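Working through the structure, step by step
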Amino acid sequence: MAGELSNSQDPAAGGGNPAEAKVACPHCGTGMPASAAFCPACGWSMRPIAASDRALAALAYFSFVPAAVLLLLPGFREHRFLRFHAWQSVLIWGVFFVLTVAALFLSNVAAAMAFLLFGILASLAMLFLWIVLSIKAWQGERFELPLFGALAGRLR
Ligand SMILES: [Zn+2]
């Protein structure tokens, strides 16, 4: 409502009490304490994420193999950004894998045609998802898919 609520940031303003300082999310505009690491509304990282972490998060989507390795390595336990993307990757690839196995089990001549079509569409969807999610991770964004993202956000 008021212009002063716009998210222009003035580093010169504000006193010596960082706990009470408010910042606005550059992504969705939600206000939060300056100490917040992530926007509570959209999950945007409020701290710059190292290029190496962003590269690893993007790599996590390559398949569930790098994602699982990242989740298991003790060195990345505290990397919430990385672990979120790794969990989301594991969940997506897990569902894709289960659906593929189910299609193989259920195959008969009629179903084979349907699953061939389904398989092509699912593969295209996975290719699209993989590209989008890798780019989002590389940009340092905590991009949540419906369902998968909410679940990945709860996993640590
Ligand atoms: Zn936000």
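Residues numbered from 1 in each chain as written. Predicted model: local features only at pLDDT ≥ 70, side-chain atom pairs only at ≥ 80, totals over all residues. Heavy atoms only, no water.

1. Describing the side chain of S89
Applied cut-off: Numbering of helices and strands starts at the N terminus; helices are DSSP runs of H or I of at least 4 residues and strands are runs of E of at least 2. Pairs of N or O atoms within 3.5 Å make up the polar contacts considered here, provided that, within protein, one atom can donate a hydrogen while the other can accept it, and that residues adjacent in sequence are counted only when both atoms are side-chain atoms. Should any heavy atoms of two residues lie within 4.5 Å, those residues are counted as being in contact.
The residue S89 is located in helix α3 (residues 80-105) in this model. Side-chain polar atoms of S89 contact the backbone oxygen of A60, separated by 2.6 Å. Ignoring any residue separated from it by four or fewer positions in sequence, one finds S89 in contact with A60, Y61, S63 and A67.

2. Remarks on a nonpolar patch on the surface
Quick reminder of the rule: Patch definition: residues with relative accessible area over 30% and no salt bridge; like charges joined within 9 Å; nonpolar side chains (Val, Leu, Ile, Met, Phe, Trp, Tyr) joined within 5 Å. Using a 1.4 Å probe, the Shrake-Rupley method yields the accessible areas, and only the shown protein chains count as cover for residues. Every case where a carboxyl oxygen of Asp or Glu lies within 4 Å of a side-chain nitrogen of Lys or Arg is listed as a salt bridge.
Side chains of L116, L117, I120, L121, L124, L127, I131 and I135 sit close together on the surface and give an oily, nonpolar patch of about 780 Å² of accessible area. Take L124: it is sitting in helix α4 (residues 109-138).

3. Quick look at the packing of aromatic side chains
This is how the line gets drawn: Between the rings of Phe, Tyr and Trp (Trp by its six-membered ring), a pair exists once the centres lie within 6.5 Å; its type follows the angle of the planes, with under 30 degrees stacked, over 60 edge-to-face, and the other angles tilted. Only protein chains enter the accessibility calculation, which uses a 1.4 Å probe; a residue whose area is less than 20% of its type maximum is buried, one above 50% is exposed, and one in between is partly exposed. Comment: the charge-over-ring label is applied if NZ (Lys) or CZ (Arg) is within 6 Å of the ring centre and within 35 degrees of the ring normal.
Under the criterion given, the structure shown has three aromatic pairs. Aromatic side chains F64 and F97 sit 6.2 Å apart centroid to centroid with 85° between the ring planes, which places their arrangement in the edge-to-face category. Of the two residues, F64 is situated in helix α2 (residues 64-72) and F97 in helix α3; the sequence distance between them amounts to 33 residues. Looking at F97, the relative accessible area reads 48%, which means it is partly exposed. One cation-aromatic arrangement involves R54 over W138; the distance from NZ or CZ to the ring centre is 4.7 Å. Lying over the aromatic face of F84, R142 brings its terminal NZ or CZ to 4.3 Å of the ring centre.

4. Comments concerning helix α1 (residues 51-59)
Under the convention used in this document: Directions from the helix axis toward the C-beta atoms define the arc.
D53, R54, A57 and A58 are the residues of α1 that are buried. Across the axial projection of α1, the buried residues extend over an arc of 135°, all falling on one side.

5. Topic: the pattern of salt bridges
Under the criterion given, the structure shown has two salt bridges. Its salt-bridge partner being R142, residue E144 comes within 3.0 Å of it at the nearest N-O pair. Its relative accessible area of 34% is what places E144 among the partly exposed residues.

6. What to know about the packing of α2 against α3
As a reminder, the rule being used: To define axes, lines are fitted to C-alpha atoms, for helices over the stretch in contact only, and angles between the resulting N-to-C directions are given on a 0 to 180 degree scale. Here is the rule for angles: anything less than 35 degrees is roughly parallel, anything more than 145 is roughly antiparallel, 65 through 115 is roughly perpendicular, and the remaining ranges are oblique. Throughout, a crossing is termed right-handed when the near helix is turned clockwise from the far one, and left-handed when it is turned anticlockwise from it by less than a right angle. Ten residues, namely Ala, Val, Leu, Ile, Met, Phe, Trp, Tyr, Cys and Pro, are considered nonpolar, four, namely Asp, Glu, Lys and Arg, are considered charged, and the remaining ones, Gly among them, are considered polar.
Two numbers describe how α2 lies on α3: the axes approach to 8 Å, and their chain directions differ by 140°. In this view, α2 runs oblique relative to α3, as classed from their interaxial angle. By crossing handedness, the relation of α2 to α3 is classed as left-handed. On the side of α2, the interface is formed by F64, A67, A68, L70 and L71, while α3 contributes L82, R83, A86, W87, S89, V90, W93, G94 and F97. Residue composition of the contact of α2 with α3, grouped by class: 11 nonpolar, two polar and one charged.

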